[in-house]
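Architecture at a glance
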Amino acid sequence: MQGWADLYSWQLDRASRTPLSRQIYMQVCSAVASGALCAGARMPSSRAMARQLGVARASVVSAYEQLLAEGYVESRHGSGTFISNDVAGLATRRRAPRAIKRTVPTMARAFPDFERSAVQGDARPFNTGRTLIDARTADTWRTLTHRAVRQFGSNDLGYADPAGLTALRANICDYLRAARAVQCEAEQIVITAGTQQAIDIAIRVLLAPGDEVWVEDPGYPLTHAQLLLAKVRPHAIPVDDQGLIVDTGRRKAPRARAVFVTPSHQFPCGVAMSMARRLELLAWARQSGAFIVEDDYTSEFRYSGPPLASLQGLDRSEQVIYVGTLNKALFPGLRIGYAAVPRALLQAFVGARYLIDRQPATLQQEVVSQFMQQGHFAAHVRRMRQLYREQRDALAETLTRRAAGSLDVALPDQGMHLVAYLRDGTSDVEIEEAARRAGIIVRAISRFYRSARPRAGLMLGFSGFPRQLIVPAAARLARLVASRGRD
Ligand SMILES: Cc1ncc(COP(=O)(O)O)c(C=O)c1O
């Protein structure tokens, strides 16, 4: 009688770099997985198999040994080698992916499908979150990276301080004190993988499931989603032209344990929180014992003067976690941010960071640290600020000139995007879709509202695109908006 090995179509590739013994092993495994070989099937002797395949017996013996060691086959003394009974069901299990789908836990299903990197990687104007890196910075970055690699000793390659490299923390501390009036010592700086991680850690350290918090309305959707995943109860507090309306927060959720704000450049509207509101918010935090998480994501790019002083700098009771990022000032793929953490929370914050992600990548920190220390960071920000200002102006001017009747452009004093509000009840979601079809990326700001009555507006990133691209794209967008307005 013919054995299964005669029927099976063996496909050994003698030119391949994969050893023949490995190929034989893999063929048997896949025959088991596909159901071609069932539990209890008898394997040919190694000699017979070698003859049939035209390979050295040693290759077959080696494959059989591996199959035996992994439990695919079992050897029965005196009667030969058989496909193991333990693999029964392997084939059917593999064939039923739908059965796996049904078992997705509820928590896993709670992760919504955010408009993630696929959208952010899109290089079409006016996608937000993009930055420009000029040749000077690219060259310096290359040089510093080579140097850091050359100088790396074995001590630098191991586990290190979860809070980050001492030198980088000191450089960031100096920068924050000088540029943002943040009150901190270097030991209070914790390096994170960007704002996203700093906010995640702040939530873990400050809040328990069921705790109430305030978020801005409209506000940053990722912070809101992070809070929901932590089973915290966010209360949407409206924002006006002075920033978060503290009085509404006090009435709506007086027992809130924390508030998440973007005071120097409110997301997405771009307003700066007034001094009166800052003091009111700090006074509320002091009285209620709540913490403030200050997301200062684009403070480097202020166009009408030096950066605004941080909210943290006004705090006298250490109740503000200040969060900043280099992913905007430099480039989002860098994934380096930082938090200036009140001393009372420091141990918990560093502990949480360690449990989530051990530590930031050492080499990257070294490069950033040198980049700051040698003055390249300040110079880069100066050059980009000038460039982004020109890009902002080109965008605002073109839109205002070409769509004055349909759009109100809010010229932001700071940041990397502007909002053009739609007149006459035009739907921003419809414009978003129509623009996308025309090769232009805009974000409908009505999506960022929770309870407050949404305003229709288009969020347009200007930082990632040279002027030559901005002007024709803005003209096309203006035409599109004007034609919709007439419909
Ligand atoms: C409000 C806000 N905070 C922070 C960030 C930056 O996040 P990260 O530092 O994680 O890249 C962004 C980016 O779009 C943002 O819009």
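Look up: the structure comes first, before these words.
The present account deals with the structure reproduced in this document. Position numbers for residues count from 1 along each chain, tracking the sequence in the order it is written. For a predicted model such as this one, the threshold for reporting local features is a pLDDT of at least 70, and the threshold for listing and counting side-chain atom pairs is 80 or more; totals across whole chains, interfaces and linings nevertheless cover every residue. Excluded from the side-chain calculation are hydrogens and water; included are all heavy atoms of the structure.

Each helix and strand in the chain was counted, giving 20 helices and 14 strands. For the radius of gyration, the atoms used are the C-alpha atoms, and the globule rule reads 2.2 Å times the number of residues raised to 0.38. Expected size for 487 residues packed as a compact globule is a radius of gyration near 23 Å; at 30 Å, the chain overshoots this value by more than 25%. Seen through its C-alpha atoms, the chain measures out along the principal axes to roughly 90 × 60 × 50 Å. Residues classed as buried in the chain amount to 49% of the 487 residues present. A fraction of 70% describes how many contacts in the chain between residues 6 or more apart in sequence connect residues 24 or more apart. Method for areas: the Shrake-Rupley scheme with a 1.4 Å probe, in which residue coverage is limited to the protein chains shown. Total accessible area on the chain stands at roughly 23,300 Å², and carbon and sulfur atoms take up 52% of it. Positive and negative charge centroids in the chain, built from 63 and 44 side chains respectively, lie 6 Å apart. In DSSP terms, a helix is any run of H or I states spanning at least four residues, a strand is any run of E spanning at least two, and both are numbered starting from the N terminus. Relative accessibility under 20% of the residue-type maximum defines a buried residue, over 50% an exposed one, and the middle range a partly exposed one, all with a 1.4 Å probe and only protein chains included. We call two residues contacting when some pair of their heavy atoms lies within 4.5 Å. Note on charges: Lys and Arg go in the positive column, Asp and Glu in the negative column, and His and the chain ends are not counted at all. Lys charges are placed at NZ, Arg charges at CZ, Asp charges at CG and Glu charges at CD.

Before going further, it helps to spend a moment on the site of the ligand. Near the ligand the following residues occur: Gly194, Thr195, Gln196, Tyr220, Phe267, Asp295, Tyr297, Thr325, Asn327, Lys328 and Arg335. Counted as a polar contact is a pair of N or O atoms within 3.5 Å, where, for protein atoms, one must be capable of donating a hydrogen and the other of accepting one, and residues adjacent in sequence contribute only when both atoms are in side chains. Between threonine 325 and the ligand, the recorded distance is 2.7 Å, taken from a side-chain N or O atom to an oxygen atom. For the ligand, an oxygen atom lies 2.9 Å from a polar atom in the side chain of arginine 335. For the ligand, the protein covers 90% of the area, taking 400 Å² as the surface of the free molecule. Near residues are defined by distance, with any heavy atom within 4 Å of the molecule or strand qualifying the residue.

Let us look at the environment of alanine 258. Mapped onto the secondary structure, alanine 258 falls in strand β7 (residues 258-261). Each C-alpha atom, one on alanine 258 and one on phenylalanine 291, is 4.6 Å from the other, the two residues being 33 residues apart in sequence. With residues up to four places along the chain from it excluded, the contact list for alanine 258 reads Leu206, Leu207, Glu212, Val213, Trp214, Ala290 and Phe291.

Our focus in this paragraph is a positive patch on the surface. Only residues whose relative accessible area exceeds 30% and that form no salt bridge are eligible for patches; like-charged ones are grouped when within 9 Å, while nonpolar side chains (Val, Leu, Ile, Met, Phe, Trp, Tyr) are grouped when within 5 Å. By definition here, a salt bridge exists when the distance from a side-chain nitrogen of Lys or Arg to a carboxyl oxygen of Asp or Glu is within 4 Å. Taken together, the side chains of Arg401, Arg402, Arg476 and Arg479 define a basic patch exposed on the protein surface. Contributions of two or more residues to the positive patch are made by α18 (376-402) and α20 (467-486). With respect to the element layout, arginine 402 can be found in helix α18.

Paired strands, as defined in this entry, are two strands with at least two bridges between them according to DSSP. As judged from the 4 bridges shared by strand β1 (residues 73-76) and strand β2 (residues 80-83), these two strands associate in the antiparallel manner. Looking across to β2, one finds that arginine 76 is bridged to glycine 80. Between the end of β1 and the start of β2, which pair antiparallel, lie 3 residues, with glycine 78 showing a positive phi angle near 85 degrees.

Turning to the sheet that holds strand β8 (residues 291-295), a few remarks are in order. Strand order in the open sheet formed by 8 strands is β3-β10-β9-β8-β7-β4-β5-β6, with mixed pairing between adjacent strands. The sheet terminates laterally at β3 (189-192) and β6 (243-244), the two strands that pair on one side only. Both β3 and strand β10 (residues 337-340) contribute to a ladder of 4 bridges, which runs antiparallel. When the bridges of β10 are listed, threonine 192 appears paired with glycine 337.

This next bit is on the sheet that holds strand β14 (residues 457-461). Taken together, the 4 strands give an open sheet; going across it, the order is β11-β12-β14-β13, and neighbouring strands pair in antiparallel fashion. In the strand order of this sheet, the two ends are held by β11 (407-410) and β13 (443-444), each with one partner. Across 4 bridges, β11 lies against strand β12 (residues 417-422) in antiparallel orientation. Note that in β12 the partner of aspartate 408 across the bridge is tyrosine 421. Against the sheet, α18 contacts β11, β12 and β14, and its axis sits at roughly 10 degrees relative to β12. With axes taken as lines fitted to C-alpha atoms, and helix axes fitted only over the stretch in contact, angles between N-to-C directions fall between 0 and 180 degrees.

Quick look at the state of the cysteines now. Only a pair of cysteine sulfur atoms within 2.5 Å qualifies as a disulfide here. Going through the model one piece at a time under the given rule, you end up with 0 disulfides. Counting only cysteine sulfurs, cysteine 38 is the nearest neighbor of cysteine 29, a cysteine outside any disulfide, at a range of 15 Å. Residue cysteine 29 is classed as buried on the basis of its relative accessible area of 12%. Cysteine cysteine 184 shares no disulfide, and the gap to the nearest cysteine sulfur, in cysteine 173, comes to 3.6 Å. Accessibility expressed as a relative area gives 5% for cysteine 184, which makes it buried.

The two faces of β7 match: Ala258 and Phe260 on one face and Val259 and Val261 on the other face are all buried. Sheet topology places strand β4 (residues 212-217) next to β7; 3 bridges connect them, and they run parallel. In the sheet register, valine 215 faces β7, and the bridge partner there is phenylalanine 260. Every crossover in which the path from the first strand over the helix to the second runs clockwise, viewed with the strands pointing away from the viewer, is termed right-handed. In this region the chain leaves β7, passes through helix α14 (residues 275-288) and returns to the parallel neighbour β8; the handedness of that crossover is right-handed.

Its location among the elements puts histidine 380 in helix α18. A distance of 2.7 Å separates the side chain of histidine 380 from the side chain of threonine 137, its partner in a polar contact. With residues near it in sequence (within four places) discarded, histidine 380 still touches Leu132, Ile133, Asp134, Thr137, Ala329, Leu330 and Phe371.

For the pair helix α11 (residues 195-206) and helix α12 (residues 221-229), the least separation of the axes is 10 Å and the interaxial angle reads 35 degrees. α12 is crossed by α11, and the crossing has right-handed handedness. Facing α11, whose interface residues are Gln196, Ile199, Asp200 and Ile203, α12 presents Leu222, Thr223, Gln226 and Leu227. Handedness of a helix crossing follows the sense of rotation of the near helix relative to the far helix, less than a right angle counterclockwise being left-handed and clockwise being right-handed.

Once that is clear, we can look at the pattern of salt bridges. Per the counting criterion, the structure on display carries 18 salt bridges. One salt bridge in this structure joins arginine 383 and aspartate 134, with 2.7 Å as the shortest N-O distance. Placement of the pair is arginine 383 in helix α18 and aspartate 134 in the loop between α8 (117-120) and α9 (135-151), with a sequence separation of 249 residues. A relative accessible area of 23% means that aspartate 134 is categorised as partly exposed. Put simply, Asp247, Arg250 and Glu280 are held in one network by salt bridges that share partners.

Another point: the packing of helix α3 (residues 46-53) against helix α4 (residues 57-69). Packed helix pairs are characterised by how far apart their axes lie and by the angle those axes make with each other. It is at 8 Å that the axes of α3 and α4 come closest, and there the two elements cross at 125 degrees. As the angle between them shows, α3 and α4 are arranged oblique. Crossing geometry of α3 relative to α4 is assigned as right-handed. Of α4, the residues touching α3 (which contributes Ser46, Arg47, Met49 and Ala50) are Arg57, Val60, Val61 and Tyr64. Angles are sorted into four bins: roughly parallel if under 35 degrees, roughly antiparallel if over 145, roughly perpendicular if 65 to 115, and oblique for all others.

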